[in-house]
Amino acid sequence: MSRAEEVAAGLERVRGRIASACRESGRDPDDVTLVVVTKFFPASDVRLLADLGVRDVGENRHQEAVDKAAECADLGLTWHFIGGLQSNKAAAVASYADVVESVDRRKLVNGLQRGAHERGRDVDVLLQVSLDPPEAAGRAGADPASLDELAEAVEEAGSLRLRGLMAVAPLGEDPAEAFARLASIRGEFTASHPGATVLSAGMSGDLEEAVRAGATHVRVGSAILGPRPQDK
Ligand SMILES: *Cc1c(COP(=O)(O)O)cnc(C)c1O
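Here the structure is a predicted model, which is why all the values come from computation and not from measurement.

Asker: Got a minute to help me understand the overall build of the protein chain in this structure?
Answerer: Tallying secondary structure elements over the protein chain gives nine helices and eight strands in all. Taken against the 2.2 N^0.38 rule, which gives 17 Å for 232 residues, the C-alpha radius of gyration of the protein chain at 17 Å falls within 12% of a compact globule. In the protein chain, which comprises 232 residues, the share counted as buried stands at 51%. When contacts within the protein chain are restricted to residue pairs at least 6 apart in sequence, long-range pairs at least 24 apart make up 58% of them.

Below is the structure:
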């Protein structure tokens, strides 16, 4: 099988999974955007995906993402930054990312604002919320209790648009339970931020649970592209 055939088959399978999960929960498949996570895969794979109709791609490391976005600038894709973000890289990330999904602390907002302003284009922001217990080691994401304060900081930044929330299901917990918690956090959040309707949740292993819990975006890598080169 050629790489193009492999990628097409993976994409077809995942699109089918999203469609079934939507059918089962009475949702319109057009309301769920597939973000293909291309981290560790070459720009040539991004081109194959674009040929197959993918419009949204996700990356989690700044240096890799900035290079790939430049190589693929002609494709007009929407680039999602989904990785842990250092505050000294925030401005640089906002110079190519269209959506920054991993905003989990106030310290990132100034840099993102500066990068977006210099680029002369608004950048969409999702707040990454932690579904881990507060004492969990290596916890990524903001505490649910701090979301309102973080949201206000983003709303005050003139070149950032608060679009919603992002989360990753904790390892070792049933994702359905974690995403049920997420749905309730989102319910409260959108009550005070009615424009922030995006919910990015679900990966290769748990996209069905995420769709059932109301995800508007799923971030899927290995189920489409295969094992990442580093994990092979
Ligand atoms: C890598 C990554 C994904 C995709 O993971 P797969 O299991 O390969 O689908 C999704 N979200 C985030 C935040 C990631 O870092």
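Having seen the model, we can carry on.
Asker: Looking at this structure, how should I read the UniProt feature "domain: Alanine racemase N-terminal" (unreviewed entry) in the protein chain?
Answerer: In this structure's numbering, the residues bearing the UniProt feature "domain: Alanine racemase N-terminal" (unreviewed entry) are residues 47-229. Secondary structure within residues 47-229 divides into 38% helix and 18% strand; the distance between the first and last C-alpha atoms comes to 18 Å.

Asker: Any chance you could explain the environment of Pro144 here in plain terms?
Answerer: Checked against the element boundaries, Pro144 lands in the loop between strand E5 (123-128) and helix H6 (147-156). The exposure class of Pro144 is partly exposed, given its relative accessible area of 31%. Here the alpha-carbon distance between Pro144 and Ile185, two residues 41 residues apart in the chain, equals 7.0 Å. Once residues within four sequence positions are removed from consideration, Pro144 is found in contact with Val129, Ser130, Arg139 and Ile185.

Asker: Would you mind going over the site of the ligand with me for this structure?
Answerer: All residues in the neighbourhood of the ligand are listed as Val37, Lys39, Ile82, Met203, Ser204, Arg219, Val220, Gly221, Ser222 and Arg228. Within the backbone of Gly221, an N or O atom sits 2.8 Å from an oxygen atom of the ligand. Within the backbone of Ser222, an N or O atom sits 2.8 Å from an oxygen atom of the ligand. Among the residues making up the shell around the ligand, the classes are represented as four nonpolar, three polar and three charged.

Asker: Where do I start with helix H7 (residues 175-192) in this structure?
Answerer: The periodicity of an α-helix, 3.6 residues per turn, causes residues three or four places apart in sequence to face the same way. With 18 residues, H7 ought to run about 26 Å at 1.5 Å a step, and its terminal C-alpha atoms sit 26 Å apart, in line with that. Within the sequence span of H7, burial applies to Pro175, Ala178, Phe179, Leu182, Ile185, Arg186 and Phe189. Along H7, the residues classed as buried sweep out an arc of 115 degrees about the axis, all on the same side. Residues Glu188 and Ala191 are exposed on H7 and point more than 90 degrees away from its buried face. Contacts made by the buried residues of H7 are with E5, H6, strand E6 (160-166), strand E7 (198-200) and helix H8 (207-212). A side-chain oxygen of the first residue of H7 lies 2.9 Å from the backbone nitrogen of Ala176; this N-cap is Asp174.

Asker: Help me understand the nonpolar core in this model?
Answerer: General note: in soluble globular proteins, nonpolar side chains tend to be found buried as a group. Grouped together as the largest cluster of nonpolar side chains are 70 residues, with contacts concentrated most on Leu34, Leu112, Leu127, Leu160, Val218 and Ile224. Of all the elements, helix H1 (residues 3-24) adds the most residues to this core, at six residues. With near-sequence residues (within four places) excluded, Ile224 lies in contact with Glu6, Val7, Gly10, Leu11, Val14, Leu34, Val36 and Leu49.

Asker: Which parts of the structure should I look at to understand the UniProt feature "modified residue: N6-(pyridoxal phosphate)lysine" (unreviewed entry) in the protein chain?
Answerer: As annotated in UniProt, the feature "modified residue: N6-(pyridoxal phosphate)lysine" (unreviewed entry) corresponds to Lys39 in the numbering used here. Examined against the element boundaries, Lys39 turns out to sit in the loop between strand E1 (33-37) and helix H2 (43-51). The class for Lys39 is buried, based on a relative accessible area of 16%. With residues near it in sequence (within four places) discarded, Lys39 still touches Gly58, Glu59, Asn60, Glu64, Lys68 and Arg228.

Asker: Before we go on, may I ask you to explain helix H5 (residues 107-119) in this structure?
Answerer: Along H5, the residues that are buried comprise Leu108, Val109, Gly111, Leu112, Gln113, Gly115 and Ala116. Looking at the buried side of H5, the elements it contacts are helix H4 (90-93), strand E4 (99-103), E5, H6 and E6.

Asker: Could you clarify how one ought to interpret the packing of H6 against H7 in this entry?
Answerer: When two helices pack together, their arrangement is given by the angle between the helix axes and the distance between those axes. With their axes 11 Å apart at the nearest point, H6 and H7 run at an angle of 45 degrees to one another. Put simply, H6 runs oblique to H7. The interaxial crossing formed by H6 with H7 has right-handed handedness. Residues Leu147, Asp148 and Ala151 of H6 lie in contact with H7, whose contacting residues are Ile185, Phe189 and Ser192. Taken together, the residues of the contact of H6 with H7 break down into four nonpolar, one polar and one charged.

Asker: When you look at the side chain of Arg186 in this model, what are you seeing that I'm missing?
Answerer: Mapping Arg186 onto the fold places it in helix H7. For Arg186, which is buried and forms no salt bridge, the nearest opposite charge comes from Asp31, at a distance of 9.6 Å. Apart from the residues within four sequence positions on either side, Arg186 is in contact with Leu165, Thr197, Leu199, Gly214 and Thr216.

About the criteria used
Residues numbered from 1 in each chain as written. Predicted model: local features only at pLDDT ≥ 70, side-chain atom pairs only at ≥ 80, totals over all residues. Heavy atoms only, no water. Helix = DSSP H or I, 4+ residues; strand = E, 2+ residues; numbered from the N terminus. Rg over C-alpha atoms; globule rule 2.2 N^0.38 Å. Buried < 20%, exposed > 50% of the residue type's maximum accessible area, 1.4 Å probe, protein only. Contact = heavy atoms within 4.5 Å. UniProt positions renumbered as here; feature names shortened; annotations may be inferred. Near = heavy atom within 4 Å. Polar contact = N/O pair within 3.5 Å; in protein donor to acceptor, adjacent residues only side chain to side chain. Nonpolar A, V, L, I, M, F, W, Y, C, P; charged D, E, K, R; others polar. Expected span 1.5 Å × (residues − 1). Arc of directions from axis to C-beta. Core = buried A, V, L, I, M, F, W, Y, C linked by side-chain atoms within 4.5 Å. Axes fitted to C-alpha atoms, helices over the stretch in contact; angles between N-to-C directions. Parallel < 35°, antiparallel > 145°, perpendicular 65-115°, else oblique. Left-handed = near helix turned anticlockwise from the far one by under 90°. Lys, Arg positive; Asp, Glu negative; His and termini not counted. Salt bridge = Lys/Arg side-chain N within 4 Å of Asp/Glu carboxyl O.

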